[in-house]
Amino acid sequence: MQMPAWWNTVREFKRPWWWKWVVWIAILAPGLLTIAGFLSDVLRDTRWLGSNPVKEGEQILGLLTIKYLVATLAVTPLRRLLGWNWLARDRRTFGLTAFFYALTHFLWYVLLDIQLDGAELVVDLTKRTYIIVGFAALLVMVPLALTSTRKSIIRLKKKWTVLHQWTYLVPILGVIHWWMSVKADIEEPIVFSLTFAVLLGWRLWYARRETSQHAATPSATSAAP
Amino acid sequence: MLIRPRTSADLPSSEITPESLYLNRREWLAAAGLTIGAIAGAGTLLPRGLAAQQPAGTPYGLQKDDKPTPWADVTSYNNFYEFGTGKDDPAEMAKGFKPRPWTVKVDGMVKKPGDFALEDFLKAGKVEDRIYRHRCVEAWSMVIPWRGIMLADVLKRAEPAPGAKFVEFTTLYDPTRMPGQRSDVLRWPYREGLRLDEAMHPLTMLATGVYGRDLPNQNGAPLRLVTPWKYGFKGIKSIVRIRLTDRQPETAWNDSAPNEYGFYCNVNPTVDHPRWSQAKERRIGEFLRRPTLMFNGYADQVASLYTGMDLRKNY
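Report follows, based on the coordinates. (Residues numbered from 1 in each chain as written. Chains lettered and ligands numbered in written order. Predicted model: local features only at pLDDT ≥ 70, side-chain atom pairs only at ≥ 80, totals over all residues. Heavy atoms only, no water.)

What follows is about the overall build of chain B. Within chain B, the secondary structure is distributed over nine helices and twelve strands. Look at the contacts in chain B between residues 6 or more apart in sequence, and 70% of them connect residues 24 or more apart. In the structure as shown, chain B presents an accessible area of about 13,000 Å², 54% of it carried by carbon and sulfur atoms. (Helix = DSSP H or I, 4+ residues; strand = E, 2+ residues; numbered from the N terminus. Contact = heavy atoms within 4.5 Å. Areas by Shrake-Rupley, 256 points an atom, 1.4 Å probe, with all protein chains shown as cover.)

So, in structure tokens, the structure goes:
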């Protein structure tokens, strides 16, 4: 297939020197601004987060988690589509960012929303399905975050790849948690569910295409373990 | 330490040290008078000392530490899905809404039905200012100085027929004026209902204003229901029809999620919403949560309406 000339320009785009600064700002600024806005609202009677800053902040952090899960899962398709292999190293950054926003979202809920009410926490974590599902998503992320180091990749070898396929479960649990927590306004959960469906669906499609291409070449089949 | 768990839940609410003493970022607003809040929020002067007109221990059941929620919050933190599902959507999207001229239909099982221009409709009763607690089913709360008439006066003028047992309320349905109605978040128009004795109760108001001014559009202009012992979503906004009937009316949220929202919607700290506890609430403007009071603190006035009823089933 003949691609237009600009397509080559796009594919040849290299990681610019300022890229890491863009990433750093993108991952830190939303969280820091949310916390700063919250503190200002509580201590100085501003309304950066509206009239109910505890609730608003909690929701912002949940949404940031979802958005960084999108970024994490978008890295590999973008590498394949645009040939931007230099994006690879940002995948871990985005994944860890999603984890830290999820953790902050949970701590926010425990400390600021239910305000260390142990009895309420126990009921929530045992009876309220959407909280159980959200907590499960956080738990799944813990071993992934702990084994995100280069050392772990080398030490765990193949097991690392298998373990990190659990990543795909996190956005599914995440959107279920979100979907179940809203009253009737499901528009945003739908949009992000579709986004995840595309990102996960692409992987299925790509894996299937790879297998069939390998099957077509006799040498590849014989070399397969 | 900033955050401390509540240990005084067994004390009567009147003996609990107001949480506002620990940390209340907006207390000074209320303390300095509603005027300041008005300047900050709307840039217009409001009647002075409205809060002082109604000291603690009035028949309306205001507690000592109930301070009116600033105008800025009352008019910017709203659930009014006809103008969007976000809390700040209604203030933005209802800006161009024209609540006049307005007609209210009173019909069903009444001896004197009719279509009333709002001005004539309101002649049924005497306009009063009343400060009520407002508890949302989402576990936040406010204290709101309403202005309006008693629903009982409207019903008396219409003369309920002998068999009438319920009152059904309907919001305006007009997607061109209420853009939120173009999406199917609820089955439009919004409908609510009360038992006739609840509707006749002296606490039940039809509000036409807050803070002594006409209701802002986002608060349900020009006419909304106020039942302070029930969760906020009972307070149907922009009412165009009041119908008396002998059957329990269908209500919008019950229709949407019957396991979560019943017909009665009475504030009850012992009956949880399936997805969250109702034992405590976050008063807008305060950091620490307060215990939620039975019937939102209006038990003395309304508990007798429900004697013998299982409030766990009739939520």
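The structure having been displayed, the exposition proceeds.
Residues and elements named next belong to chain B. Pairing within the open sheet is mixed, and its five strands lie in the order E2-E1-E10-E5-E6. Each edge of the open sheet is held by one strand with a lone partner, namely strand E2 (114–117) and strand E6 (191–195). Looking at each pair of strands side by side, their axes are set apart by 20° on average, direction ignored. Taken together, the four bridges between strand E1 (residues 103–108) and E2 define a ladder with antiparallel strand orientation. Looking at the pairing, Thr103 lines up with Ala117 of E2. (Pairing = 2+ DSSP bridges. Axes fitted to C-alpha atoms, helices over the stretch in contact; angles between N-to-C directions.)

In this section: the interface of chain A and chain B. The interface is formed by 28 residues belonging to chain A together with 36 residues belonging to chain B. In total, about 2,700 Å² of surface goes out of reach between chain A and chain B, with carbon and sulfur atoms giving 49% of it. For the chain A face of the interface with chain B, the top three residues by lost area are Ser51(A), Gln115(A) and Lys183(A), together amounting to 27%. Taken together, the connections running from chain A to chain B amount to six salt bridges. The salt bridge involving Arg282(B) is made with Asp113(A); its shortest N-O contact spans 3.6 Å. Between the two partners, chain A and chain B, sit 16 residue pairs in polar contact (both at pLDDT 80 or more). (Buried area = accessible area lost by both parts, 1.4 Å probe. Salt bridge = Lys/Arg side-chain N within 4 Å of Asp/Glu carboxyl O. Polar contact = N/O pair within 3.5 Å; in protein donor to acceptor, adjacent residues only side chain to side chain.)

Residues and elements named next belong to chain B. Residue placement: Arg133 occurs in strand E3 (residues 128–135). In this structure Arg133 comes out as buried when scored by relative accessible area, which is 3%. Here Asp66 takes part through its side chain, which lies 2.5 Å from a polar atom of the side chain of Arg133. (Buried < 20%, exposed > 50% of the residue type's maximum accessible area, 1.4 Å probe, protein only.)

Bringing the packing of helix H3 (residues 53–82) of chain A against helix H9 (residues 169–181) of chain A into the picture now. Residues and elements named next belong to chain A. Contact geometry for H3 and H9: axes closest at 10 Å, N-to-C directions at 150°. The angle between the axes of H3 and H9 places the two elements in the roughly antiparallel class. Regarding H3 and H9, the two cross each other, and that crossing is left-handed. Side by side, H3 and H9 meet where Leu63, Ile66, Leu69 and Leu73 of the first sit next to Val170, Pro171, Gly174, Val175 and Trp178 of the second. When its residues are assigned to classes, the contact of H3 with H9 shows eight nonpolar, one polar and no charged. (Parallel < 35°, antiparallel > 145°, perpendicular 65-115°, else oblique. Left-handed = near helix turned anticlockwise from the far one by under 90°. Nonpolar A, V, L, I, M, F, W, Y, C, P; charged D, E, K, R; others polar.)

Turning our attention to the packing of aromatic side chains. Applying the stated criterion to the full structure yields 28 aromatic pairs over all chains. When the centroid spacing of 5.3 Å and the interplanar angle of 40° are considered together, the rings of Phe13(A) and Trp84(A) count as tilted. Taken together, the residues span a long stretch of sequence, with Phe13(A) in the loop between helix H1 (5–11) and helix H2 (19–44) and Trp84(A) in the loop between H3 and helix H4 (88–113) at a distance of 71 residues. Judged by its relative accessible area of 17%, Trp84(A) falls in the buried class. Centre to centre, the rings of Tyr68(A) and Phe94(A) are 6.2 Å apart; their planes meet at 50°, and the pair counts as tilted. Of this pair, Tyr68(A) sits in helix H3 while Phe94(A) sits in helix H4, and the two are 26 residues apart along the sequence. In this structure, Tyr68(A) and Phe94(A) share a single accessibility class: buried. By way of ring pairs, the aromatic residues Phe166(B), Phe263(B), Tyr264(B), Phe295(B) and Tyr306(B) are connected into one cluster. Lys87(B) extends its terminal NZ or CZ atom over the ring of Tyr77(B), reaching a point 5.7 Å from the ring centre. (Phe/Tyr/Trp six-rings, centres within 6.5 Å; stacked < 30°, edge-to-face > 60°. Lys NZ or Arg CZ within 6 Å of the ring centre and 35° of its normal.)

On to the pairing of strand E11 (residues 280–283) of chain B. Within a regular strand, side chains alternate between the sheet's two faces. Residue and element names in this part refer to chain B. Burial along E11 is two-sided: the face carrying Lys280 and Arg282 and the face carrying Glu281 and Arg283 are both buried. Looking at chain direction, E11 and strand E12 (residues 290–291) are connected through two bridges and run antiparallel. When the bridges of E12 are listed, Glu281 appears paired with Arg290.

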